[in-house]
Amino acid sequence: MIYSIAIDGPAGSGKSTIAKKLAKELDFIYVDTGAMYRAIALWALENAPDITDEEYIASRLDEVDIGIDYIDGEQQVFLNGESVTDRLRLESTGDAASKVSKQVRVREKLVELQRRIAKKTSVIMDGRDIGTKVLPDAFLKIFMTASPDIRAKRRYDELVMKGKECDYDEILKGIKERDHADETRAVSPLKPADDAVMLDTSDMSEDEVAGRIMELFEEKKG
Ligand code: DC
């Protein structure tokens with residue numbers, strides 16, 4: 001039996017941490033779809049005169065090969081054969097990803113790739129449109145939220161831990177802007193699927209969230 005668990009939610013809600021943890025426990029593959037949008041964004045930053053020029057990017061998409069591989073359970077992303085995993089999490093790549101992820105043809109290309117992966121193997125896939133669009137028949141759908149302040153605080157703590165200088169108010173502002181862009185875009189906006197289980201993680205620890213999803217999964221399996 002091939003299972004799929006869809007986890008959607010806004011930036012910073014804790015999706016990837018939880019999805020990685022559960023994938024290990026269940027021995028599923030963790031598919032980070034945001035990383036795929038980030039990889040196309042890198043390509044666009046290097047190759048498009050204007051990354052918001054949807055027509056131009058669409059006309060060259062056939063030249064963009066996004067490869068996904070798993071090494072020790074960690075997703076590696078290749079852009080035209082070159083590993084770009086280390087460059088994906090940069091703030092500038094995230095900003096660009098939010099611009100290219102609005103584009104219909106970019107989404108079509110990546111949704112197809114995501115569906116192909118989920119057909120072959122059990123996955124935990126996280127993103128914005130997994131339950132609504134990519135895997136409408138997912139075995140379990142979770143919509144994870146947390147208040148903007150909590151998400152900004154988590155991001156702030158993460159950056160401080162890495163020794164990076166940052167400003168809490170700037171981070172909060174960025175999170176609110178990203179939410180607005182994701183929720184109001186015309187194609188596949190961020191919204192819960194009708195059959196998604198809502199999970200507000202504001203006052204939950206990582207272990208509690210992972211435990212709750214595990215419980216839901218086991219209940220469904222029966
Ligand atoms: O989750 P993330 O920050 O890595 O996502 C990067 C951008 O890609 C973000 O603006 C939302 C967008 N995205 C999307 O539109 N659909 C997905 N399935 C995943 C990410």
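Look up a bit, the structure's there.
Residues numbered from 1 in each chain as written. Predicted model: local features only at pLDDT ≥ 70, side-chain atom pairs only at ≥ 80, totals over all residues. Heavy atoms only, no water.

### Thoughts on the sheet that holds strand β5 (residues 82-83)
Line of reasoning, step 1. The three strands are arranged β3-β4-β5 in an open sheet whose pairing can be described as antiparallel. Because the sheet does not close on itself, it has two edges, and the strands there are β3 (66-71) and β5.
Line of reasoning, step 2. As paired elements, β3 and strand β4 (residues 74-79) share six bridges and run antiparallel to each other. Within the sheet, the bridge partner assigned to tyrosine 70 lies in β4 and is glutamine 75.
Line of reasoning, step 3. Together, β3 and β4 form the strand contacts of helix α2 (residues 33-47), whose direction differs from that of β4 by roughly 25 degrees. (Pairing = 2+ DSSP bridges. Helix = DSSP H or I, 4+ residues; strand = E, 2+ residues; numbered from the N terminus. Contact = heavy atoms within 4.5 Å. Axes fitted to C-alpha atoms, helices over the stretch in contact; angles between N-to-C directions.)

### Considering the packing of helix α1 (residues 15-26) against helix α9 (residues 206-221)
Line of reasoning, step 1. α9 packs onto α1 with a crossing angle of 55 degrees between their chain directions and a minimal axis gap of 10 Å. Taken together, the axis directions place α1 and α9 in an arrangement best described as oblique. Both α1 and α9 take part in a crossing whose hand is right-handed. Listed contacts from α9 to Thr17, Ile18, Lys21, Leu22, Glu25 and Leu26 of α1 are Glu206, Asp207, Val209, Ala210, Ile213, Met214 and Phe217.
Line of reasoning, step 2. Looking at the contact of α1 with α9 residue by residue, the classes come out as eight nonpolar, one polar and four charged. (Parallel < 35°, antiparallel > 145°, perpendicular 65-115°, else oblique. Left-handed = near helix turned anticlockwise from the far one by under 90°. Nonpolar A, V, L, I, M, F, W, Y, C, P; charged D, E, K, R; others polar.)

### Some words on the sheet that holds strand β7 (residues 140-145)
Line of reasoning, step 1. In space, the five strands of this open sheet follow the order β2-β6-β1-β7-β8, with parallel pairing throughout. This sheet does not close on itself; its edge strands, each paired only once, are β2 (29-32) and β8 (197-200). Going from strand to strand, the sheet's axes swing by 20 degrees on average, the running direction of each strand aside.
Line of reasoning, step 2. Running over the sheet, α2 touches β2 and β6 (123-127) and is turned about 40 degrees from β2.
Line of reasoning, step 3. On the sheet, α9 packs against β1 (4-8), β7 and β8 and is oriented at approximately 160 degrees with respect to β7.

### Thoughts on the pairing of β6
Line of reasoning, step 1. The buried fraction of β6 is high, at five of five residues.
Line of reasoning, step 2. Burial along β6 is two-sided: Val123, Met125 and Gly127 facing one way and Ile124 and Asp126 facing the other are all buried.
Line of reasoning, step 3. Bridge count for β2 against β6 is four bridges, and the pairing is parallel. Counted as the bridge partner of aspartate 32 is aspartate 126 from β6. (Buried < 20%, exposed > 50% of the residue type's maximum accessible area, 1.4 Å probe, protein only.)

### Focus: the packing of α2 against helix α4 (residues 91-100)
Line of reasoning, step 1. Where α2 contacts α4, the axes come no closer than 8 Å and their chain directions differ by 95 degrees. With respect to α4, the axis of α2 lies roughly perpendicular. Counted together, Tyr37, Arg38, Ile40, Ala41, Leu42, Ala44 and Leu45 of α2 and Ser92, Thr93, Gly94, Ala96, Ala97 and Val100 of α4 form the full contact between these two elements.
Line of reasoning, step 2. Tallied by class, residues from the contact of α2 with α4 come to nine nonpolar, three polar and one charged.

Remember that the coordinates give geometry; whether it matters functionally is a separate question.
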